[in-house]
Amino acid sequence: MYNNKKGGKIGIIITVVILILLVILSNTKLSNISYLGNAINTIVMPIQNGYTYLKNKIAGNSSFFTNIETLSTENDQLKQENSELEQKLRELEIIKAENLTLKEYLKLTEKYTSYTTIPAYIINKDTSNYSDIFVINVGSDDGIKENMTVIADKGLVGHVVSVTKNTAKVQTIIDPSSAISVTFQSTGDNAICKGTLESKTLKATYISTSAEILENDIVETSGMGGMYQKGIMIGTVSKIENTKNITDKYAIIKPAVDFGKLETVLVIIK
């Protein structure tokens, strides 16, 4: 609409100029008509040409701005569609993660059919040079109590040390404060395992002087001490150390559970 008004004003100006020239022409002698006609042509033609050029230019600009507006609208639509696709992708990733968690729970429950368990996943970790504790998403409202055993797919994780209505803290077996009564599978000898955070391993001490422990031997819970059930996998012997004092012999145990990648666990409630 703005372009049409601008073109109309230019047309009015040209019309006024032509009328003025016609008035001058009517008062001019016939002998000067030819001369005056040439003068009119000289003046009017450039104006007409300029007007035509300007009109075409304005029309072209109008088309240009219309195209810009169309492109802007299409760009906004594409941005909206892209945002919706990103949201759907995030939802699919969440569903995928939930499916993996459910598969992990199923695998755990199928493996430990002899226990009544509650599945949980880790929601927070408090790992330092002095402790290795994490928080799980189940608590007293789910039947969780202190000292309940926590396991994973590969073996023993630790035990519950405190409980709220909806969460529970779990002390892992690699925590220096933990102590587990264990059995070496090949010999049946017992020992006490404590955590060593420096290397995320366990140190087995109080080993019988007559025990013939082998590397790669399987280590399980002995069931003594009342904390853990018997026969839960702890790890394997990675190194045996014989000191000058035979009573100080110890073994380094590599945990079966990869605590750095641990996400899902089971709490044994019965």
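The structure this text deals with has already been given above.
Since the structure is predicted, the reported quantities are computational estimates derived from the model, not experimental observations.

Enquirer: Can you walk me through the overall build of the protein in this structure?
Expert: A count of helical and extended segments in the protein gives two helices and 12 strands. Tracing the protein from N to C terminus, the helices and strands come up as α-α-β-β-β-β-β-β-β-β-β-β-β-β. Split into buried and exposed, the 270 residues of the protein put 31% on the buried side. Element-wise, carbon and sulfur atoms account for 55% of the exposed surface of the protein, whose accessible area totals about 17400 Å².

Enquirer: Honestly, the side chain of Asp-217 in this entry has me stumped. Any pointers?
Expert: Of note, Asp-217 is situated in the loop between strand S8 (201-205) and strand S9 (218-221). Among buried charged residues, Asp-217 stands out as having no salt bridge; its nearest opposite-charge side chain is Lys-249, 11 Å away. Among the polar contacts listed, one links the side chain of Asp-217 to the side chain of Ser-186, at a separation of 2.4 Å. The contact partners of Asp-217, leaving out residues within four places of it in the chain, are Phe-184, Gln-185, Ser-186, Thr-187, Gly-235, Thr-236 and Val-237.

Enquirer: Just checking my understanding: could you explain the nonpolar core for this structure?
Expert: Among soluble globular proteins, nonpolar side chains are generally buried collectively. Counting residues in each nonpolar core, the largest one holds 44 residues, and the members touching the most others are Ile-136, Val-157, Ile-173, Phe-184, Ile-253 and Leu-262. With four residues, the top contributor of residues to this core is strand S12 (residues 264-268). Each residue touching Val-157, except ones within four places of it in the same chain, is listed here: Phe-134, Val-150, Ile-151, Ala-152, Gln-171, Thr-172, Ile-173, Val-257, Phe-259, Leu-262 and Val-265.

Enquirer: Can you walk me through the sheet that holds strand S11 (residues 250-255) in this structure?
Expert: Two strands in a sheet stick together by hydrogen bonds in their backbones, pointing the same way (parallel) or opposite ways (antiparallel). Within the closed barrel, the six strands sit side by side as S6-S7-S8-S11-S10-S9. Their pairing is antiparallel. Ignoring strand direction, the axes of neighbouring strands in this sheet form an average angle of 40°. With five bridges joining them, strand S6 (residues 179-184) and strand S7 (residues 190-196) adopt antiparallel strand pairing. Looking across to S7, one finds that Thr-183 is bridged to Asn-190.

Enquirer: How do you make sense of the packing of aromatic side chains when you look at a structure like this?
Expert: Describing an aromatic ring pair means giving the distance of the ring centres and the angle of the ring planes. Applying the stated criterion across every chain yields a total of zero aromatic pairs. Sitting over the face of the ring of Tyr-250, Lys-203 holds its NZ or CZ atom 4.4 Å from the ring centroid.

Enquirer: I would appreciate a short explanation of the pattern of salt bridges in the present structure.
Expert: Note that side chains of opposite charge can pair when their charged atoms are close. With the rule as written, the count across this model stands at two salt bridges. The shortest N-O distance in the salt bridge between Lys-200 and Asp-132 comes to 3.7 Å. Of this pair, Lys-200 sits in the loop between S7 and S8 while Asp-132 is found in strand S2 (residues 132-136), placing the two residues 68 residues apart along the sequence. On the basis of relative accessibility, which here comes to 37%, the residue Lys-200 falls in the partly exposed class.

Enquirer: Would you mind going over the environment of Gly-195 with me for this structure?
Expert: If you trace the backbone, Gly-195 turns up in strand S7. Measuring from C-alpha to C-alpha, the distance between Gly-195 and Ala-179 comes to 7.5 Å, with 16 residues separating the pair along the chain. The residues touching Gly-195, leaving out its near neighbours within four places in the chain, are Ile-173, Ile-174, Asp-175, Pro-176, Ser-178, Thr-201 and Leu-202.

Basis of the calculations
- Residues numbered from 1 in each chain as written.
- Predicted model: local features only at pLDDT ≥ 70, side-chain atom pairs only at ≥ 80, totals over all residues.
- Heavy atoms only, no water.
- Helix = DSSP H or I, 4+ residues; strand = E, 2+ residues; numbered from the N terminus.
- Buried < 20%, exposed > 50% of the residue type's maximum accessible area, 1.4 Å probe, protein only.
- Areas by Shrake-Rupley, 256 points an atom, 1.4 Å probe, with all protein chains shown as cover.
- Lys, Arg positive; Asp, Glu negative; His and termini not counted.
- Salt bridge = Lys/Arg side-chain N within 4 Å of Asp/Glu carboxyl O.
- Polar contact = N/O pair within 3.5 Å; in protein donor to acceptor, adjacent residues only side chain to side chain.
- Contact = heavy atoms within 4.5 Å.
- Core = buried A, V, L, I, M, F, W, Y, C linked by side-chain atoms within 4.5 Å.
- Pairing = 2+ DSSP bridges.
- Axes fitted to C-alpha atoms, helices over the stretch in contact; angles between N-to-C directions.
- Phe/Tyr/Trp six-rings, centres within 6.5 Å; stacked < 30°, edge-to-face > 60°.
- Lys NZ or Arg CZ within 6 Å of the ring centre and 35° of its normal.

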